[in-house]
Amino acid sequence: MEAKTIRLIYPQWQGGDIAHWFKDMPKEEISKGYFLGAKILELLTHNTPYQTLEVPVTREFKREVRDGVLDKKDILEQTKAAMDLIRESKPDRILTLGGECSVSVAPFSYLAEKYRDDVAMLWIDAHPDIGLPNDEYKGYHAMAVTHLLGLGDKDILKVLPASLESQNVLLVGLHSEEAKFYAKRQKKLGLKSLKAKEASSKKVLQWLQSTKASKVVIHLDLDVLDSNEIYVAVGNSGKLKMKQVTQIIESVSAHYEIVGFSIAELMPKELIRLQKLLSKLPFISQ
């Protein structure tokens, strides 16, 4: 029986708290930029033959911290909606297009339940995303990995069907102040990592072999890419070259079954400006 794959469009933007980095743009416009980013990724991957599902995401701008998580109410509801869509579809593999980093949490948790100890996770990101609700930064996208490890907000964790063991998680491409700040927590959690300058297909495959898993889920945060080559994300402090990223992923695909793949954090700043311009033109404005 052929494996079932779905393409999950997940334009969640509430997990990011990024407006302070863009003083030249209205807070609401830039905060919702991840929504547009997901739609652009959907367009760029329109040739994929998979069933497409979209998680309903509210556009209402609230920015309320609850239990240490920014916009927790919306994130919780949207996580439930994502899990409902996935469970109803019963896929074997999931391509997720976001949205900010937390869009990987629901699909990867589902796959962790489905494949149990036979799945390992590559988190390709300049940041470790191991924040917790009691940290100073309240954006949920910085807590994605911890929630996949079974740590974090108790209400969100109740919605997630399974978690991953830290020995089956590898952080790839770390290169940020956050990575330095969370170094002690990373060590405490037992998470292994490869900095940008260390990341290679050989080292990733060696680590995967140590997990004994036959299946892999991969999260690709676009801020891991070298901004001198391409600038597409907020806090784009990454140093991985596009060729380096594709070589790693292609090598993994050649030796393991990739059952989950997410692309996140596309922030199309100039297209947000263009969208605003278009909204004021005849036949387009409302």
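Not measured: the values here are computed from a predicted model.

Let us now look at the overall build of the protein. In terms of regular secondary structure, the protein is built from 11 helices and 10 strands. Here the protein has a C-alpha radius of gyration of 18 Å; the compact-globule value for 286 residues is 19 Å, and the two agree. When the backbone C-alpha atoms are referred to their principal axes, the protein occupies close to 60 × 45 × 40 Å. Partitioning the contacts of the protein with sequence separation of at least 6, the portion at a separation of at least 24 is 73%. With an accessible surface of roughly 13600 Å², the protein has 53% of that area assigned to carbon and sulfur atoms. Charged side chains in the protein number 40 positive and 38 negative. The centres of these two groups are separated by 3 Å.

Quick look at the packing of aromatic side chains now. Tallied over the full model, the rule gives 2 aromatic pairs. Ring geometry for W13 and F61: centres 6.1 Å apart, planes at 15 degrees, overall stacked. With W13 in the loop between β1 (5–10) and α1 (27–31) and F61 in the loop between β2 (51–54) and β3 (65–66), this residue pair connects regions lying 48 residues apart in the sequence. Both rings, one in F181 and one in Y182, keep their centres 5.0 Å apart while their planes meet at 85 degrees; by these two values the pair is edge-to-face. Given the relative accessible area of 63%, F181 is considered exposed. For Y182, a relative accessible area of 11% gives the class buried. Seen from the ring of F35, R59 lies directly overhead, with NZ or CZ sitting 3.9 Å from the centre.

What follows concerns helix α3 (residues 72–89). End to end, α3 covers 26 Å across 18 residues, agreeing with the expected 26 Å (1.5 Å per residue, within 8%). Looking at α3, one finds that the buried residues are K72, D74, I75, L76, Q78, T79, A81, A82, M83, I86 and S89. Immediately beyond the C-terminal end of α3, within one or two residues, lies K90, with a positive phi of roughly 55 degrees.

Formed by 94 residues in total, the largest nonpolar core has its most connected members in L122, W123, I124, V204, L208 and V252. Ranked by residue count, the leading element in this core is helix α4 (residues 105–115), at 7 residues. Other than its neighbours up to four places away in sequence, I124 contacts V172, I218, H219, L220, D221, V224, L240 and I249.

On to the packing of helix α2 (residues 33–44) against helix α11 (residues 269–279). At their nearest, the axes of α2 and α11 sit 10 Å apart, and the two run at 100 degrees to each other. It follows that α2 is roughly perpendicular to α11 by the angle criterion. The segment α2 lies against α11, with G33, L36 and I40 engaging L271, I272 and Q275. When grouped by side-chain class, the residues that make up the contact of α2 with α11 number 4 nonpolar, 2 polar and no charged.

Quick look at the sheet that holds strand β9 (residues 215–221) now. Across the sheet, which stays open at both edges, the 8 strands sit in the order β2-β1-β5-β10-β9-β6-β7-β8 with parallel pairing between neighbours. Strands with a single pairing partner mark the edges of an open sheet, and in this sheet they are β2 and β8 (192–195). On average, each strand axis in the sheet is tilted by 15 degrees relative to the strand beside it, whichever way the strands run. Across the sheet, helix α9 (residues 201–211) lies against β6 (119–124), β7 (169–174), β8 and β9, angled at about 150 degrees from β6, the strand it touches most.

Topologically, A82 is positioned in helix α3. The buried category is assigned to A82, whose relative accessible area is 0%. Through-space distance from the C-alpha of A82 to that of D223 is 24 Å; in sequence the pair is 141 residues apart. Leaving out residues up to four positions away in the same chain, A82 has contacts with Y10, V55 and A106.

A large share of β6 lies buried, amounting to 6 of its 6 residues. Two elements, β6 and β9, share 6 bridges in a ladder whose sense is parallel. By the bridge assignment for β9, L122 is matched with I218. Bridge count between β6 and β7: 4 bridges; the pairing is parallel. Each bridged residue has a counterpart across the sheet, and for W123 the counterpart in β7 is L171.

Reading the values: rules and limits
- Residues numbered from 1 in each chain as written.
- Predicted model: local features only at pLDDT ≥ 70, side-chain atom pairs only at ≥ 80, totals over all residues.
- Heavy atoms only, no water.
- Helix = DSSP H or I, 4+ residues; strand = E, 2+ residues; numbered from the N terminus.
- Rg over C-alpha atoms; globule rule 2.2 N^0.38 Å.
- Contact = heavy atoms within 4.5 Å.
- Areas by Shrake-Rupley, 256 points an atom, 1.4 Å probe, with all protein chains shown as cover.
- Lys, Arg positive; Asp, Glu negative; His and termini not counted.
- Charge placed at Lys NZ, Arg CZ, Asp CG, Glu CD.
- Phe/Tyr/Trp six-rings, centres within 6.5 Å; stacked < 30°, edge-to-face > 60°.
- Buried < 20%, exposed > 50% of the residue type's maximum accessible area, 1.4 Å probe, protein only.
- Lys NZ or Arg CZ within 6 Å of the ring centre and 35° of its normal.
- Expected span 1.5 Å × (residues − 1).
- Core = buried A, V, L, I, M, F, W, Y, C linked by side-chain atoms within 4.5 Å.
- Axes fitted to C-alpha atoms, helices over the stretch in contact; angles between N-to-C directions.
- Parallel < 35°, antiparallel > 145°, perpendicular 65-115°, else oblique.
- Nonpolar A, V, L, I, M, F, W, Y, C, P; charged D, E, K, R; others polar.
- Pairing = 2+ DSSP bridges.

Any functional reading would require information that these geometric values do not contain.
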